Amino acid sequence: MFPFSGTAGFTLNPGRRNTAYGPTEQAILSRANGADAAAVICAWPGYEPTPLVPLPELARQLNVASINLKDESGRFGLGSFKALGGAYAVYRLFAGQIEEKTGTRPAPSDLVDGHYGHFTSARTVCCATDGNHGRAVAWGAQIFGCRCVIYVHETVSAERVGAIEAFGATVVRRPGNYDDAVRAAAADAKRNSWTVVSDTSYPGYTDIPRNVMQGYTVMVGEVLASIEAGHTERPTHVFIQGGVGGLAAAVSATLWETYGPDRPRLVVVEPDKAACLYESARAGEPVVVDGALDTIMAGLACGEPSLLAWSILMPGADAFMSVPDESALAAMRLLATGEAGARVVAGESGVGGLAGLLIAADRPDIGEALGLDRTSRVLVFSTEGDTDPGLYERIVGRSAEAVRSDA
C-alpha cells in the first residue's frame, strides 16, 4: 500500500486571500520579472527544461486523477533546483554593479564569457547553506569569476562540503544550526566587505533574496509551458516543501498570478523538527523555531521564515503541514522502486511535498479538508537528486546509478 501512515501537523491557512494577485505581491515576485530571469538563465550553457514525470500507479493507489512530479535532479548538473536561484542572484548582483559603474547593462553572455573578469575577480560573495544553495552560489561564482566563501553548520555532511569546494569555494564550518551559520556569514561579510547571497530575507536585506526566488519561478514557468502546450493538465493541488519559504513562495506567486482566485490549492510541507512556516501559520505571524532542527531533510532544516516569502505565503497558501522524517524516507524509497509508475532519484530534502501528499491521502481528515478526491490532479516537485550520494544509498539501499540504470 502506497500511503504512508504517520503523524502530521496540519492547519488550513485562515489568511488565504481569494482575490487576484495583488500589487503588493507583484512588487516581490512577478511573471514579468520571471520572464527576464528565464531569458538570462536559458542563455547559460547547459540549460534545458527538467522533465515533468507522470506517476500513474501512485495516482491509482491514492485514488486521484493524476500525479506529476517535476524532477530537478538534473538541473545544470548540480543536482537541484537551487542553480536557478543562487547563480541567478550572483548574475543580477554583478550585472547591476557593472551597469551602475559603466552605464551599460552587460548581456548574460558577457559575464559568462569573462568580459568583466577584471571587475568580478575583485569581488567576494558568501552565504550559509545546508548544501544545495551554497553549491549553486559557488557554481555561479565560478561562472562569473568571483571569489566565494560558503558557511555550513556542524551537521552538514563531508560529501556536501566537497561538492561545494569542487567549484572553487572556501567552506567555513560553524557550530550550531543553519540559522547560526546565516548569522556567521552576515557578520563576516560585514567585516570583510563581501556580499551575502542568501535565499532568506530579513529586515534590511531583501533585494538579493527576491532575485533568488525570482530565479526559482523559471521552474514553475516550465510547468506552465507544458500545460499551455497540452502536454499535461492544469493541477488542482500542489504539495511543495517549505524551508525558509522561498521555493514555496515562488510556486505560489507564479500560479496565483497566472490563475487568480482559481489557482490550485497549495500545501506547504515541512519536517516536523523544523516547521517554522507551519508554526507561523498557526500563530498568524512569522515565528522562529529554536533548537537543533535535526531532521534528515537537511535542506529544509530552517528555523526562521524568510520575510519576503512569508508575505506571499500568508495570503497565497491554502494549508501547511509538518511531517516526520520517516515519511521522507518512505517517499525516497517509493520513487526508487518504480512502483509509483516511474523511477526517480530523489533526495531527502526533495521529497517533502510528496511525503505530505502520501500522508494526506491516508488521512481522511486532511484529504477532505483539502478537497483531495478522484478528480484531483496533483503536482509535486522533486527538488534534488542524490546530492549526498552516500546518504542516498544508505537510505534507499542502492546507489543512484543503480536506480537510474533500471529506469
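The structure we're discussing is the one just above.
Below is a short write-up of the structure.

Thresholds, definitions, all that
- Residues numbered from 1 in each chain as written.
- Predicted model: local features only at pLDDT ≥ 70, side-chain atom pairs only at ≥ 80, totals over all residues.
- Heavy atoms only, no water.
- Helix = DSSP H or I, 4+ residues; strand = E, 2+ residues; numbered from the N terminus.
- Rg over C-alpha atoms; globule rule 2.2 N^0.38 Å.
- Buried < 20%, exposed > 50% of the residue type's maximum accessible area, 1.4 Å probe, protein only.
- Contact = heavy atoms within 4.5 Å.
- Areas by Shrake-Rupley, 256 points an atom, 1.4 Å probe, with all protein chains shown as cover.
- Lys, Arg positive; Asp, Glu negative; His and termini not counted.
- Charge placed at Lys NZ, Arg CZ, Asp CG, Glu CD.
- Pairing = 2+ DSSP bridges.
- Axes fitted to C-alpha atoms, helices over the stretch in contact; angles between N-to-C directions.
- Polar contact = N/O pair within 3.5 Å; in protein donor to acceptor, adjacent residues only side chain to side chain.
- Parallel < 35°, antiparallel > 145°, perpendicular 65-115°, else oblique.
- Nonpolar A, V, L, I, M, F, W, Y, C, P; charged D, E, K, R; others polar.
- Phe/Tyr/Trp six-rings, centres within 6.5 Å; stacked < 30°, edge-to-face > 60°.
- Lys NZ or Arg CZ within 6 Å of the ring centre and 35° of its normal.

1. Topic: the overall build of the chain
A count of helices and strands for the chain gives 18 helices and eleven strands. Since a compact globule built from 407 residues should have a radius of gyration of about 22 Å, the 20 Å found for the chain is in line with a globular shape. On the principal axes, the C-alpha backbone points of the chain span a range of 60 × 45 × 40 Å. Expressed as a percentage of the 407 residues in the chain, the buried residues total 60%. In the chain, of all internal contacts separated by at least 6 residues, the share reaching a separation of at least 24 is 74%. Surface exposure of the chain reaches about 15,000 Å², of which carbon and sulfur atoms provide 49%. Separation between the mean location of the 33 positive side-chain charges and that of the 46 negative ones in the chain comes to 2 Å.

2. Focus: the sheet that holds strand 6 (residues 170–174)
Strands sit in the order 6-5-4-7 across an open sheet of four strands; the sheet is parallel. The open sheet is flanked by strand 6 and strand 7 (195–196), the only strands paired with a single partner. Two strands pair when backbone bridges link them, and strand 4 (residues 124–129) and strand 7 are joined in this way by two bridges, in the parallel orientation. Bridging across to strand 7, C126 finds its partner in V196. Against the sheet, helix 9 (residues 178–192) contacts strand 4, strand 5 (147–153), strand 6 and strand 7, and its axis sits at roughly 165 degrees relative to strand 4.

3. Observations regarding the sheet that holds strand 8 (residues 237–241)
Pairing within the open sheet is mixed, and its seven strands lie in the order 1-10-9-8-11-3-2. Sheet topology places strand 1 (9–12) and strand 2 (52–54) at the edges, where each strand pairs with a single neighbour. On average, adjacent strands in this sheet sit at an angle of 20 degrees to one another, irrespective of strand direction. Against the sheet, helix 11 (residues 246–259) contacts strand 8, strand 9 (265–271) and strand 11 (377–382), and its axis sits at roughly 155 degrees relative to strand 8. Relative to strand 8, helix 15 (residues 352–362) is tilted by about 125 degrees, and along the sheet it contacts strand 3 (66–71), strand 8, strand 9, strand 10 (319–323) and strand 11.

4. Some details on the side chain of T295
Topologically, T295 is positioned in the loop between helix 12 (276–283) and helix 13 (307–316). A relative accessible area of 9% places T295 in the buried class. Of note is the side chain of T295, whose polar atom sits 3.0 Å from the backbone nitrogen of M297. Of the polar contacts made by the side chain of T295, one reaches the side chain of D325; its length is 2.6 Å. For T295, the residues in contact, after removing those within four places along its chain, are P271, K273, A274, A301 and D325.

5. Notes on the packing of helix 2 (residues 31–41) against helix 10 (residues 207–228)
Geometry of a packed helix pair, given as the angle between the helix axes and the separation of the axes. Packing of helix 2 against helix 10 leaves a shortest axis separation of 8 Å and a crossing angle of 95 degrees. Compared by their axis directions, helix 2 and helix 10 come out roughly perpendicular. Here helix 2 contributes R31, N33, G34, A37, A38 and I41 to the contact with helix 10, which in turn contributes Q214, G215, T217, V218, L224 and E228. Of the residues assigned to the contact of helix 2 with helix 10, the class counts are five nonpolar, five polar and two charged.

6. Some details on the packing of aromatic side chains
Tallied over the entire structure, the rule returns twelve aromatic pairs. Taking 6.3 Å as the distance between ring centres and 25 degrees as the angle between the ring planes, the aromatic pair formed by Y88 and Y91 counts as stacked. Of the two residues, Y88 and Y91 both sit in helix 4 (residues 83–102), three residues apart, roughly one turn of that helix. What makes Y88 buried here is its relative accessible area of 2%. Here the aromatic residues W44, Y47, F76, Y88, Y91, W139 and F144 are joined through ring pairs into a cluster of three or more. Over the face of the ring belonging to F119 we find R123, whose NZ or CZ atom lies 3.6 Å from the ring centre. Between R263 and the ring centre of W256, over which it is positioned, the NZ or CZ distance is 4.2 Å.

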